[in-house]
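Chain and residue survey
The primary structure of each chain is shown beneath.
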Amino acid sequence: MNIFISYRREDTRHVAARVADRLNDLPGISSVFIDVYEIDPGSNFELSIERSLEESDICLVMIGESWVAYDDDSKTARILNDDDYVRLETATALLSGKRVLPILVDGATMPEKEDLPPDIQPITIIDALFLRHDSFTQDIEIVEDAIFERKARTPITRIFRRHPYLTLAARTLGGVLLAGAFLIVITIVHHILTGGLALDETLGSTGVVWMIIIASLAAGGGIALWFGIRR
């Protein structure tokens, strides 16, 4: 998955960079485009933006308090200018039909529809996410879930996602329990089919029974662990 981050530099550049660093470390994300890092010196900025948006699967639009950008010496918002890059990025993403996730940063609110140019007004009806400095860890997890279209995390799932080794341990235990349940079923079926004979009577040795039990539990745990690592 390729992600494009749109932001206004004087508004949310530090948060955008932090989000980019976080997403770059996630499995399943091939690239994160953020102009500060991705555009080579001397290249055409506008063409680079358009090409990166075309190659992206989803666009994150970082909206801070100054996203509309009213200049001190002008009553006209910068977002209304035809050559405003934030407007161009947002409009291109919306027009392309790609997924667009507006993210309201540090208490910012979604601008009113009438305050925006027509080509980006559709962003006002998209459910926005929140990203706050004081709760960045929790908020960025919600953003990640939205990117991958996963169910929202509960406190328990957050713990497992933050500690992958705990997740692997839980998967292994689940595999052992599943193997144990399978052995119980086999024992019951054997008991019914043999008229009440125990496994050690059929196999002729209690040691063989224990070897089968240990091997089955180990196999169940090992298979679950292997699939967990593969994921």
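Residues numbered from 1 in each chain as written. Predicted model: local features only at pLDDT ≥ 70, side-chain atom pairs only at ≥ 80, totals over all residues. Heavy atoms only, no water.

Here's the deal with helix α1 (residues 9–24)
Worth spelling out the cut-off: Helix and strand assignments follow DSSP, with helices taken as H or I runs no shorter than four residues and strands as E runs no shorter than two, numbered in order from the N terminus. One less than the number of residues in a helix, times 1.5 Å, gives the span that helix is expected to have. In this scheme, the bend at a residue equals the angle between the axes fitted to the seven residues that finish there and the seven that begin there. Each residue gets one of three labels from its accessible area relative to the maximum for its type: buried under 20%, exposed over 50%, partly exposed in between, using a 1.4 Å probe on protein chains only.
Given a rise of 1.5 Å per residue, 16 residues ought to cover 22 Å, yet the end C-alpha atoms of α1 are separated by just 20 Å, more than 12% below that figure. Bending of α1 peaks at approximately 30° at the position of V15. Within the sequence span of α1, burial applies to D11, T12, V15, A16, A17, V19, A20 and L23.

Section: the pattern of salt bridges
Put simply, the rule is: For this document, the term salt bridge refers to a Lys or Arg side-chain nitrogen within 4 Å of an Asp or Glu carboxyl oxygen.
Overall, the coordinates contain seven salt bridges when judged by the stated rule. Between D84 and R8 there is a salt bridge, with the nearest N and O atoms lying 3.0 Å from each other. Of this pair, D84 sits in the loop between β3 (58–63) and α4 (85–96) while R8 sits in the loop between β1 (2–6) and α1, and the two are 76 residues apart along the sequence. What makes D84 buried here is its relative accessible area of 6%. Note on R8: relative accessible area 4%, which makes it buried. The closest approach of N and O atoms between R99 and E149, which form a salt bridge, is 4.0 Å. With R99 in strand β4 (residues 99–105) and E149 in the loop between α5 (136–147) and α6 (155–162), the pair connects residues that are 50 residues apart, well separated along the chain.

What to know about the sheet that holds strand β2 (residues 31–33)
Selection rule: Pairing between two strands requires that DSSP report at least two bridges joining them. Working convention: axes come from line fits to C-alpha atoms, limited for helices to the stretch in contact. Angles between N-to-C directions cover 0 to 180 degrees. Contacts are residue-level and defined by heavy atoms, with any inter-residue pair within 4.5 Å sufficient.
The five strands lie next to each other as β2-β1-β3-β4-β5, forming an open sheet whose pairing is parallel. Looking along the sheet, the strands with just one partner apiece sit at the ends: β2 and β5 (129–131). For this sheet, the mean inter-axis angle between neighbouring strands, taken without regard to orientation, is 25°. Sheet strands touched by α1: β1, β2, β3, β4 and β5. Its angle to β3, the strand with the most contacts, is close to 145°. Against the sheet, α5 contacts β1, β3, β4 and β5, and its axis sits at roughly 150° relative to β5.

Regarding a negative patch on the surface
Cut-off, in case you're wondering: Each patch groups residues whose relative accessible area exceeds 30% and which form no salt bridge, using 9 Å between like charges and 5 Å between nonpolar side chains of Val, Leu, Ile, Met, Phe, Trp and Tyr. Using a 1.4 Å probe, accessible areas were evaluated by the Shrake-Rupley method; residue-level cover was limited to the displayed protein chains. When charges are tallied, Lys and Arg are placed among the positive residues and Asp and Glu among the negative ones, while His and the ends of the chain are skipped. All charge positions are set by atom: Lys at NZ, Arg at CZ, Asp at CG, Glu at CD.
Side chains of E46, E50, E54, E55 and D83 sit close together on the surface and give a patch of like negative charge. As for its position among the elements, E54 is in helix α3 (residues 45–55).

Digging into the nonpolar core
Soluble globular proteins: nonpolar side chains tend toward being buried together. Rule in force here: The set of buried Ala, Val, Leu, Ile, Met, Phe, Trp, Tyr and Cys residues whose side-chain atoms join them within 4.5 Å is what this entry labels a nonpolar core.
In terms of nonpolar packing, the biggest core is built from 25 residues, with I3, I5, V19, L23, L60 and M62 touching the most fellow members. For this core, the secondary structure elements donating two or more residues are β1, α1, β3, β4, β5 and α5. Filtering out sequence-adjacent residues up to four positions away, L23 remains in contact with I3, I29, V32, L60, E144 and I147. Among the nonpolar cores identified, the runner-up in size contains 21 residues, and C59, W67, V86 and M110 belong to it.

Some points on the packing of aromatic side chains
Heads up, the condition is: Two rings from Phe, Tyr or Trp (for Trp, the six-membered ring) form a pair when their centres are within 6.5 Å of each other. A pair whose planes differ by under 30 degrees is stacked, one over 60 is edge-to-face, and the rest are tilted. We call a charge positioned over a ring when the NZ of a Lys or the CZ of an Arg lies within 6 Å of the ring centre and within 35 degrees of the ring normal.
Across all of its chains, the model carries one aromatic pair by this definition. Between F4 and F33, the aromatic rings sit 4.9 Å apart at their centres with planes inclined by 10°, giving stacked as the arrangement. In this pair, F4 is assigned in strand β1 and F33 in strand β2, connecting sequence segments 29 residues apart. An identical accessibility class is assigned to F4 and F33; each is buried. Seen from the ring of F136, R18 lies directly overhead, with NZ or CZ sitting 3.7 Å from the centre.

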